[in-house]
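Okay, here's what each chain looks like letter by letter:
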Amino acid sequence: MLDTRDILETITMIQDECLDVRTITMGISLLDCADSDIDRCCDKVYDKITRYAKDLVHTGEEISRQYGIPIINKRISVTPIAMIHASCGGDPVKLALTLQRAADAVGVNFIGGYSALVQKGFAPGDLSLIRSIPEALARTSNVCSSVNVGSTKAGINMDAVAMMGKVVRETAQLTADNDCIGAAKLVVFCNAPEDNPFMAGAFHGVGEADCVINVGVSGPGVVRAALAKCPDCSISEIADVIKRTAFKITRMGQLVGTEASRRLGVPFGIVDLSLAPTPAIGDSVAHILEEMGLESCGACGTTACLALLNDAVKKGGVMASSRVGGLSGAFIPVSEDAGMIAAAECGALSIEKLEAMTAVCSVGLDMIVIPGETPAEVISAIIADEAAIGMVNSKTTAVRVIPAIGKKEGESLSFGGLLGYAPVMKVSGYSPAKFISRGGQIPAPMQSLKN
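None of these values were measured; they are calculated from a predicted model. (Residues numbered from 1 in each chain as written. Predicted model: local features only at pLDDT ≥ 70, side-chain atom pairs only at ≥ 80, totals over all residues. Heavy atoms only, no water.)

**Student:** Could you give an account of the packing of helix H10 (residues 235-264) against helix H12 (residues 302-320), with specific residues and numbers?
**Tutor:** Interaxial distance between H10 and H12 falls to 7 Å at its minimum, and their mutual angle equals 45°. If you check the angle between H10 and H12, you find them oblique. As H10 runs across H12, the sense of the crossing is right-handed. On H12, the residues that touch Ile235, Ile238, Ala239, Ile242, Lys243, Ala246, Phe247, Thr250 and Arg251 of H10 are Leu308, Leu309, Ala312, Val313, Lys315, Gly316, Gly317, Met319 and Ala320. (Axes fitted to C-alpha atoms, helices over the stretch in contact; angles between N-to-C directions. Helix = DSSP H or I, 4+ residues; strand = E, 2+ residues; numbered from the N terminus. Parallel < 35°, antiparallel > 145°, perpendicular 65-115°, else oblique. Left-handed = near helix turned anticlockwise from the far one by under 90°. Contact = heavy atoms within 4.5 Å.)

Here's what the structure looks like:
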């Protein structure tokens, strides 16, 4: 039985509080596209993606019109391309260009999966793909790339970490005339999930079905508005309000995912209930933390507030769907969050504080702009620090930093749209070069021995 109050509340959330479904992401396995000839492989990849996803955008738009729910992005994730490239050799950039051509053909916003999983070492195809990332991202506009360099079970591949510092910097350099946008489409993971619908880290894991629909919901503005109605609540009451709000947000995602699955004839995968902010005023995770009682995001107490938020979102979302997965929690991408941008600009929020926050949030250091002169080994060390947090805490962590080529601390970089803009943040000037140059593997922690 539908409750009129619930309907009216949902309408208010959509119209006034920035509630939306951030993405419908179709995951497609390309394992059966492997071929010894790279041109035939590319043809198979293009044919399969366009066959499965030909109605994805149209279906998302139909559901949005019918239910009045904004669906912001329609995306595709594919099997890590390094695995496909291993079968054919040749220039992996050809596969990136094929992904772009397929994305253009079906009209999606992004396609993710130009990826490699190297947490325990390099398999055939991995090294050549990683080395090709800068060129691939410079020559495409909708292709996203990710590399998993560590896990709780395997430890951290420090040779891969050292490589990725150079790759991130080179990617920024090759796209310097376009605000270094290439680095904004590249993320380095520890404990990467196989069913994540959010870019730039989405790929279709090998344990997934041939094709699935995953949904990523959003709603920081809804949570902030709910907290604003109870200014004198205790911490326990705040947690309860967030749980109830997350339940309502996730039910909407469940509806959209179920309907998209039915219409497309594709299995429903998961709802990722992460609170994904935007640069729009009122759609900020930082503003939720400030609504809890902080003068500014970045103040002492920020990590505790974020831990409360992340846990309550998960608890409320799990009650609303049996298909919760992906990352699920709260994102803290600086350039995509108006409150984070303001906190960074006024000096309340530093990279060191953001690193502490990543121990309790959904992902890690996300969409952070650093000085263009930052050496590759410093970028590698930032990646190593985040991977260590993820490895030891058995959680997903990631790094998506953008070296602003030609810019210094205090200047800014603008990407537009959902990616927003961000100030160039200060990075420690002390060198980790000797540590990074050692290479090898950081062993898995004791937590890995759970069998």
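**Student:** Give me the lowdown on the side chain of Asn191, citing residues and values where you can.
**Tutor:** Relative to the helices and strands, Asn191 resides in the loop between strand S6 (186-190) and strand S7 (211-217). Overall, the relative accessible area of 18% leaves Asn191 in the buried class. Within the structure, Asn191 has its side chain in polar contact with the backbone oxygen of Lys395 (distance 2.9 Å). (Buried < 20%, exposed > 50% of the residue type's maximum accessible area, 1.4 Å probe, protein only. Polar contact = N/O pair within 3.5 Å; in protein donor to acceptor, adjacent residues only side chain to side chain.)

**Student:** Describe the environment of Cys361, listing the residues and the values that go with them.
**Tutor:** Checked against the element boundaries, Cys361 lands in the loop between helix H14 (351-357) and strand S9 (365-371). In this structure Cys361 comes out as buried when scored by relative accessible area, which is 2%. Remark: the alpha-carbon pair of Cys361 and Leu308, spanning 53 residues in sequence, is separated by 9.7 Å. If near-sequence neighbours (up to four positions away) are discounted, Cys361 is found in contact with Leu306, Asn310, Ala330, Ile332 and Lys395.

**Student:** Describe a nonpolar patch on the surface, listing the residues and the values that go with them.
**Tutor:** A contiguous nonpolar surface patch, about 240 Å² in accessible area, is contributed by Leu31, Met83 and Val206. By secondary structure assignment, the location of Leu31 is in the loop between strand S1 (21-28) and helix H2 (38-53). (Patch = residues over 30% accessible without salt bridge, like charges linked within 9 Å, V, L, I, M, F, W, Y side chains within 5 Å. Areas by Shrake-Rupley, 256 points an atom, 1.4 Å probe, with all protein chains shown as cover. Salt bridge = Lys/Arg side-chain N within 4 Å of Asp/Glu carboxyl O.)

**Student:** Please give an account of the nonpolar core that cites residues and values.
**Tutor:** Core analysis: the biggest nonpolar cluster contains 132 residues, and Ile49, Ile76, Tyr114, Ile242 and Leu309 have the highest contact counts within it. Core analysis: the second largest hydrophobic core is formed by 15 residues, Phe110, Ala192, Met199 and Leu327 among them. (Core = buried A, V, L, I, M, F, W, Y, C linked by side-chain atoms within 4.5 Å.)

**Student:** Describe the environment of Ala342, naming the residues involved and giving the relevant values.
**Tutor:** Mapped onto the fold, Ala342 is located in helix H13 (residues 338-345). A relative accessible area of 39% means that Ala342 is categorised as partly exposed. As for Ala342 and Pro423, which are separated by 81 residues in sequence, their C-alpha atoms are 9.2 Å apart.

**Student:** Pulling in residues and values, what's your account of unusual backbone geometry?
**Tutor:** In this model, Met199 is joined to Ala200 through a cis peptide bond whose omega is 15°. With respect to the helices, strands and loops of the structure, Ala200 is situated in the loop between S6 and S7. At Asp179, a position not held by glycine, the phi torsion is positive, near 55°. Checked against the element boundaries, Asp179 lands in the loop between helix H7 (158-174) and helix H8 (181-184).

**Student:** So what's going on with the packing of aromatic side chains? Residues and values would help.
**Tutor:** Tallying each qualifying case throughout the model produces 1 aromatic pair. Taking the centre distance of 5.0 Å and the plane angle of 80° together, the rings of Phe198 and Phe331 count as edge-to-face. Placement of Phe198 in the loop between S6 and S7 and of Phe331 in the loop between H12 and H13 is noted, with a sequence separation of 133 residues between them. Classification of Phe198 by relative accessible area gives buried; the value is 5%. The residue whose ring lies beneath Arg101 is Tyr46, and the NZ or CZ to ring-centre distance is 4.1 Å. (Phe/Tyr/Trp six-rings, centres within 6.5 Å; stacked < 30°, edge-to-face > 60°. Lys NZ or Arg CZ within 6 Å of the ring centre and 35° of its normal.)

**Student:** Talk me through the side chain of Thr358; I want residue IDs and the actual numbers.
**Tutor:** By the secondary structure assignment, Thr358 is in the loop between H14 and S9. The buried category is assigned to Thr358, whose relative accessible area is 0%. When residues no more than four places from it in sequence are discounted, the contact partners of Thr358 are Ile332, Val363, Gly364, Leu365, Glu386, Ile389, Lys395 and Thr397.

**Student:** Could you give an account of the state of the cysteines, naming the residues involved and the relevant values?
**Tutor:** Within the structure shown, the criterion is met by 0 disulfides. With no disulfide of its own, Cys41 lies closest to Cys88 among cysteine sulfurs, the gap being 4.2 Å. Using a relative accessible area of 0% as the deciding quantity, one classes Cys41 as buried. No disulfide involves Cys346; its nearest neighbouring cysteine sulfur is the one of Cys297, lying 9.5 Å away. (Disulfide = S-S within 2.5 Å.)

**Student:** Now, about helix H15 (residues 376-393): what can you tell me, with residues and values included?
**Tutor:** Because an α-helix packs 3.6 residues into every turn, residues spaced three or four apart end up facing the same way. With 18 residues, H15 ought to run about 26 Å at 1.5 Å a step, and its terminal C-alpha atoms sit 26 Å apart, in line with that. Burial of H15 is extensive: 13 of the 18 residues sit out of reach of the surface. The first or second residue beyond H15 is Ser394, which carries a positive phi of 50°. (Expected span 1.5 Å × (residues − 1).)

**Student:** Could you give an account of the pattern of salt bridges, naming the residues involved and the relevant values?
**Tutor:** According to the stated counting rule, one finds 16 salt bridges in the structure shown. Here Asp32 and Lys48 are joined by a salt bridge, their closest N and O atoms 2.9 Å apart. Of this pair, Asp32 sits in the loop between S1 and H2 while Lys48 sits in helix H2; the two residues are 16 residues apart in sequence, bridging distant segments of the chain. By relative accessible area, which is 2% here, Lys48 ends up buried. One salt bridge connects Lys315 with Asp311, and the closest N-O pair in it is separated by 2.8 Å. Of this pair, Lys315 and Asp311 both sit in helix H12, 4 residues apart, which is roughly one turn of the helix.

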